[in-house]
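Observations on chain architecture
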Amino acid sequence: MAELQEVQITEEKPLLPGQTPEVAKTHSVETPYGSITFTVYGTPKPKRPAILTYHDVGLNDKSCFQPLFQFADMQEIIQNFVRVHVDAPGMEEGAPVFPLGYQYPSLDQLADMIPCILQYLNFSTIIGVGVGAGAYVLSRYALTHPDTVEGLVLINIDPNAKGWMDWAAHKLTGLTSSIPEMILGHLFSQEELSGNSELIQKYRNIITHAPNLENIELYWNSYNNRRDLNFERGSDITLKCPVMLVVGDQAPHEDAVVECNSKLDPTQTSFLKMADSGGQPQLTQPGKLTEAFKYFLQGMGYMASSCMTRLSRSRTASLTSAASLDGNRSRSRTLSQSSESGPLPSGPPGHTMEVSC
């Protein structure tokens, strides 16, 4: 497997007091389905997995994840893990436009490119963080390589293939909307788009004027042609690792994520529904998501001494019962905002945790 490119850069961003600049190395490696580019931050930590991210359609690793991983409270996490930010083929900054007729990889094939990355880096296990199409890719990878995935944070995942009604609606929308507008409708809620906030204006400009828009359309087409992941609770076709599902309240993919939660093992799955976060909670609510991620890592046995400060002072827990689809009773934990102090309780083993924050 040949390395095509290796570039060392120093990430320019505001530093916390006493913090040194992160050194990032960008690599491109060949895979059976073409080359793929990824950026590594930090150094491998003994007996710890790498955090590997995969972005959604219309975004790249920076526009999708930078607000989250540059958030102040996230620094404690990134000091404890090496990170690998993967760019889907043709999505990296400065990527040339693919030639006419180029066969873009399917989402399944994108998942099959991940072992080449891990082999090149000599990493044995990962904690995956994916958004939208990236969440699907990481889920597909986890199904085929369960021994290499210690945990997954899946934001806005839709595990289902498009049905006939979805296809008809997609085709009709395509007659009246441009590719950028359709992708924006995938990323953000209609309420957000109508409000046209500074965030929406920023990402509309990024996508509309992207020099690699033709490549973005190819990734978009692959996403719309995805296969059903066929998750089924209690079957062999399920995610074997701890999973945290995340979606914004009234986000475009809220129903899909709720359905996904109903199909996964409730003893391994936490469900985080974030209020006031729109379609991209990692962009709009990085603080809340960072806090939830810390608890998720603690539940996996990492960062046991981490201090929770930001959300802990503004949450209390109330327990409600919820029945699982197969008729077995499971506990659902709902966290609501409160002025009372106190730490968030960690979810007990064997319980699905539904969180509204």
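The rules behind the values
Residues numbered from 1 in each chain as written. Predicted model: local features only at pLDDT ≥ 70, side-chain atom pairs only at ≥ 80, totals over all residues. Heavy atoms only, no water. Helix = DSSP H or I, 4+ residues; strand = E, 2+ residues; numbered from the N terminus. Buried < 20%, exposed > 50% of the residue type's maximum accessible area, 1.4 Å probe, protein only. Contact = heavy atoms within 4.5 Å. Areas by Shrake-Rupley, 256 points an atom, 1.4 Å probe, with all protein chains shown as cover. Core = buried A, V, L, I, M, F, W, Y, C linked by side-chain atoms within 4.5 Å. 1 Å grid on protein atoms, 1.4 Å probe; cavity = no way out; pocket = protein on both sides within 12 Å on 5 of 7 lines; lining within 4 Å. Points joined across faces, edges and corners; volume = space filled by probe spheres on them. Nonpolar A, V, L, I, M, F, W, Y, C, P; charged D, E, K, R; others polar. Pairing = 2+ DSSP bridges. Phe/Tyr/Trp six-rings, centres within 6.5 Å; stacked < 30°, edge-to-face > 60°. Lys NZ or Arg CZ within 6 Å of the ring centre and 35° of its normal. Expected span 1.5 Å × (residues − 1). Salt bridge = Lys/Arg side-chain N within 4 Å of Asp/Glu carboxyl O. Axes fitted to C-alpha atoms, helices over the stretch in contact; angles between N-to-C directions. Parallel < 35°, antiparallel > 145°, perpendicular 65-115°, else oblique. Left-handed = near helix turned anticlockwise from the far one by under 90°. Arc of directions from axis to C-beta. pLDDT = per-residue confidence, 0-100.

Here we take up the overall build of the chain. Within the chain, the regular secondary structure consists of twelve helices and twelve strands. The 357 residues of the chain split such that 52% are buried. A fraction of 69% describes how many contacts in the chain between residues 6 or more apart in sequence connect residues 24 or more apart. When the accessible surface of the chain is summed, it comes to about 16000 Å², and 51% of that surface belongs to carbon and sulfur atoms.

Another point: the nonpolar core. Judged by nonpolar contacts, the single largest core of 90 residues is most densely connected at Tyr-54, Val-84, Leu-152, Tyr-219, Leu-245 and Phe-293. Ranked by residue count, the leading element in this core is helix α3 (residues 107–121), at eight residues. Leaving out residues up to four positions away in the same chain, Leu-245 has contacts with Leu-154, Ile-157, Val-257, Cys-260, Asn-261, Leu-264, Thr-269, Ser-270, Phe-271 and Leu-272.

A full pass over the atoms with the stated rule returns two cavities of 30 Å³ or more. Its volume calculated, the second largest cavity comes out at about 50 Å³. Lining the second largest cavity are Leu-68, Met-74, Val-129, Val-153, Met-244, Leu-289 and Phe-293. Here the residues of the lining of the second largest cavity are counted per class, giving seven nonpolar, no polar and no charged.

So, about the pairing of strand β4 (residues 50–54). In terms of burial, β4 is largely enclosed, as five of its five residues are buried. Neither face of β4 is exposed, since Ala-50, Leu-52 and Tyr-54 on one face and Ile-51 and Thr-53 on the opposite face are all buried. Pairing of β4 with strand β6 (residues 126–131) involves five bridges; the strand directions are parallel. The residue of β6 that forms the bridge with Leu-52 is Gly-128.

Below, the discussion takes up unusual backbone geometry. The phi torsion at Asn-156 lies on the positive side, around 60 degrees, for a residue other than glycine. Topologically, Asn-156 is positioned in the loop between β7 (149–155) and α5 (164–176). Residue Asn-156 is classed as buried on the basis of its relative accessible area, which comes to 0%. The phi dihedral of Gln-250 falls on the positive side, at around 65 degrees, and the residue is not glycine. Mapped onto the fold, Gln-250 is located in the loop between β8 (243–248) and α10 (254–263).

Below, the discussion takes up the packing of aromatic side chains. Geometrically, a pair of aromatic rings is defined through the distance of the ring centres and the angle of the planes. Applying the stated rule across the entire model yields nine aromatic pairs. A centroid spacing of 6.0 Å and a plane angle of 65 degrees characterise the contact between Phe-98 and Tyr-104, whose relative ring orientation is edge-to-face. Given a relative accessible area of 5%, Tyr-104 falls into the buried group. Through a chain of ring-to-ring contacts, three or more aromatic side chains come together here, namely Phe-98, Tyr-102, Tyr-104 and Tyr-219. Here the basic side chain of Arg-48 rests over the ring of Phe-81, its NZ or CZ set 5.3 Å away from the ring centre. Cation over ring: Arg-226 sits above Tyr-223, and NZ or CZ is 4.2 Å from the ring centre.

Once that is clear, we can look at the pairing of strand β2 (residues 23–31). As paired elements, β2 and strand β3 (residues 34–41) share eight bridges and run antiparallel to each other. In the strand pairing of β3, His-27 is matched with Phe-38. Counting the residues in the hairpin turn of β2 and β3 gives two residues.

On to helix α9 (residues 213–224), then. Here α9 is twelve residues long and its end C-alpha atoms lie 16 Å apart, about the 16 Å a rise of 1.5 Å per residue gives. Those residues of α9 that fall on the buried side of the exposure criterion are Asn-215, Ile-216, Tyr-219, Trp-220, Ser-222, Tyr-223 and Asn-224.

Right, let's get into the pattern of salt bridges. Applying the stated rule across the entire model yields seven salt bridges. Sharing partners across several salt bridges, the network here consists of Asp-108, Arg-140 and Arg-227.

Our focus in this paragraph is the packing of helix α6 (residues 179–187) against α9. Two elements in contact, α6 and α9, have axes whose closest approach is 11 Å; the angle formed by their N-to-C orientations is 50 degrees. If you check the angle between α6 and α9, you find them oblique. The chirality of how α6 crosses α9 is left-handed. Packed against α6, whose contacting residues are Ile-179, Pro-180, Met-182, Ile-183 and His-186, the element α9 presents Leu-213, Ile-216, Glu-217, Trp-220 and Tyr-223 at the interface. When the residues that make up the contact of α6 with α9 are grouped by side-chain class, the tally is eight nonpolar, one polar and one charged.

Next up on the list: helix α8 (residues 198–208). Here α8 has its buried residues at Ile-200, Tyr-203 and Ile-207. Down the axis of α8, the smallest arc covering the buried residues is 75 degrees, so these residues share one side. On its buried face, α8 sits against α1 (61–69), α6, α7 (190–195), α9 and α11 (281–284).

This next bit is on the confidence of the model for the chain. Averaged over every residue, the pLDDT of the chain is 83; residues scoring 70 or more account for 76%. Segment residues 1–16 is flagged for pLDDT under 50; beyond a separation of four residues in sequence, or across chains, it makes 43 contacts in the model.

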